[in-house]
Amino acid sequence: MAKRTGRLRIQLPHCYYEGFLEKRSFKDKTSRKLWTCLCGNSMFFFNNSKDADYVEKLDLSGFISVTDDCSRDRNLDAARINLRLKGEDIKFTASTLEARELWKGFIYSVVKLSVPSSLNLLPGQIHMLNEAVEKEKERIKAFRPPAASLSATSSDVYLSVVGDMPVCYQHVSRLEAEMMLERNPEKGNLLLRPGRDGNSFAVTTRQHLNGSVFKHYRVTRNHNGGFAIDLENPIPCATLHDVINLLVEKTNGALTPFIMEEPYEDSITFVQSNEENGERSVQFALSNPARPHLPSLPPKPVPRECMPDTEESLYLNDQLEENEKEDVNPPSRFRLPMLNPLPEWRRNQNRQ
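Residues numbered from 1 in each chain as written. Predicted model: local features only at pLDDT ≥ 70, side-chain atom pairs only at ≥ 80, totals over all residues. Heavy atoms only, no water.

### Looking at the packing of aromatic side chains
Reasoning step 1: The full count for this structure, using the stated rule, is 9 aromatic pairs.
Reasoning step 2: Note on Phe201 and Phe227: the rings are 6.1 Å apart at their centroids and 70 degrees apart in plane angle, and the pair reads as edge-to-face. Within this pair, whereas Phe201 is found in strand E10 (residues 201-208), its partner Phe227 is found in strand E12 (residues 227-229), the two being separated by 26 residues in sequence. Both residues of the pair, Phe201 and Phe227, count as buried.
Reasoning step 3: An aromatic cluster of at least three residues, connected via ring pairs, comprises Tyr17, Trp103 and Phe106.
Reasoning step 4: Over the ring of Phe45 we find Lys23, and its NZ or CZ is 5.8 Å from the ring centre.
Reasoning step 5: Residue placement shows Lys33 over the ring face of Phe20; its charged tip is 5.3 Å from the ring centre. (Phe/Tyr/Trp six-rings, centres within 6.5 Å; stacked < 30°, edge-to-face > 60°. Helix = DSSP H or I, 4+ residues; strand = E, 2+ residues; numbered from the N terminus. Buried < 20%, exposed > 50% of the residue type's maximum accessible area, 1.4 Å probe, protein only. Lys NZ or Arg CZ within 6 Å of the ring centre and 35° of its normal.)

### With respect to the environment of Leu60
Reasoning step 1: One can find Leu60 in the loop between strand E5 (53-59) and strand E6 (63-68).
Reasoning step 2: A relative accessible area of 1% means that Leu60 is categorised as buried.
Reasoning step 3: Considering only alpha carbons, one finds Leu60 and Leu38, 22 residues apart in sequence, at a separation of 9.9 Å.
Reasoning step 4: Among all residues touching Leu60, those that are not within four sequence positions of it are Leu38, Asn41, Ser42, Met43, Leu83, Leu85, Ile107 and Val111. (Contact = heavy atoms within 4.5 Å.)

### Brief notes about a nonpolar patch on the surface
Reasoning step 1: The grouping of Val271, Val282 and Phe284 at the surface amounts to a nonpolar patch, some 320 Å² of accessible area in total.
Reasoning step 2: Of note, Val271 is situated in strand E14 (residues 269-273). (Patch = residues over 30% accessible without salt bridge, like charges linked within 9 Å, V, L, I, M, F, W, Y side chains within 5 Å. Areas by Shrake-Rupley, 256 points an atom, 1.4 Å probe, with all protein chains shown as cover. Salt bridge = Lys/Arg side-chain N within 4 Å of Asp/Glu carboxyl O.)

### A few points about the side chain of Gln170
Reasoning step 1: As for its placement among the helices and strands, Gln170 is situated in the loop between helix H3 (154-159) and helix H4 (174-183).
Reasoning step 2: Ignoring sequence-local partners within four residues, the contact set of Gln170 consists of Met180, Leu191, Leu192, Arg193, Pro194 and Met260.

### Description of the environment of Leu21
Reasoning step 1: Tracing the backbone through its elements, the reader meets Leu21 in strand E2 (residues 15-25).
Reasoning step 2: Residue classification places Leu21 among the buried residues on the basis of a relative accessible area of 1%.
Reasoning step 3: Once the C-alpha coordinates of Leu21 and Trp35 are considered, the two residues, 14 residues apart in sequence, prove to be 6.4 Å apart.
Reasoning step 4: Ignoring anything within four residues of it in the chain, the contact list for Leu21 reads Arg32, Lys33, Leu34, Thr36, Met43, Phe92, Thr93, Ala94 and Trp103.

### A few points about the pairing of E10
Reasoning step 1: Burial of E10 is extensive: 6 of the 8 residues sit out of reach of the surface.
Reasoning step 2: As paired elements, strand E9 (residues 190-194) and E10 share 5 bridges and run antiparallel to each other. Within E10, the residue paired with Pro194 across the bridge is Phe201.
Reasoning step 3: If you look at the hairpin formed by E9 and E10, you'll find 6 residues sitting between the two strands, and Gly198 has a positive phi there, around 85 degrees.
Reasoning step 4: Alignment of E10 against strand E11 (residues 212-221), held across 8 bridges, turns out to be antiparallel. Of the residues in E11, the one forming a bridge with Arg206 is Phe214.
Reasoning step 5: Counting the residues that bridge the hairpin from E10 to E11 gives 3 residues, and of these Asn210 lies at a positive phi of roughly 55 degrees. (Pairing = 2+ DSSP bridges.)

The quantities given are spatial measurements derived from coordinates; they are silent on function.
So this is what it looks like as structure tokens:
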């Protein structure tokens, strides 16, 4: 098992299961408690759960078996696991018996691409194992395109692996790769890019020795799956992640992946014209904009049954007034009798 340092967790394949394990191999004198992640068909070990760099990697391609360790231990609750690989046996201790069953299940499922039936797991946990098997099948299929795709265009070739591409991949030419590494030495000195023929990849590196020294390595696809670094003695690699990891390991960490993090805005801005002088300038939006004021709804009408007597009388008065306005000269109900006019001598007497 190779020891590697300075590698970022973001570059690893999809993580199926993680947790603390006490690890001890034949070479280790004492066991160490490490945060362990099962990513793809490999186990990555970190000093703690917050570390971004893994310190060890265990490739499960030489898997033989994973079983319980029933050896006596003064800790009666110890959940021990025996992992047997080609040429190496490793002992793990999980935190609980349930965690031991899950570790055995995930390791077996990812390597064999099938869920074991001999484990004591709940239906929900078995469903998690089935999901891990399907994701691992998709990951492997992405690196094993059909033979017809080898003659396809470059865009078709890269579609199959773009979902699991290392973060140091940049879709640039050879000259553009050299310029990126030259202008951003603090971001790394190893870059993965498309190959010139459109059916392969290439790795560009930059180091300083009395000036910039650039190297370019071709990475070809194998017809039976996987990749190979095209050297005098080609080096096969299962994935592009393994290509990058191998170059970092072989150079003792002198090469580091180039990671270009694109900047993002930390506030909302917009361009607006000034109402007075018409000058356009950049404005900053409020972090907590006020909610728009909505007009208040009119009060609901009160049912007539609930109205007080005073209001009802007002409505009745209004109705009477309207009736009076409609009939200005109403006819009188009674008429006085007509009187005979006074004689003229009587009128003269009254005047005197």
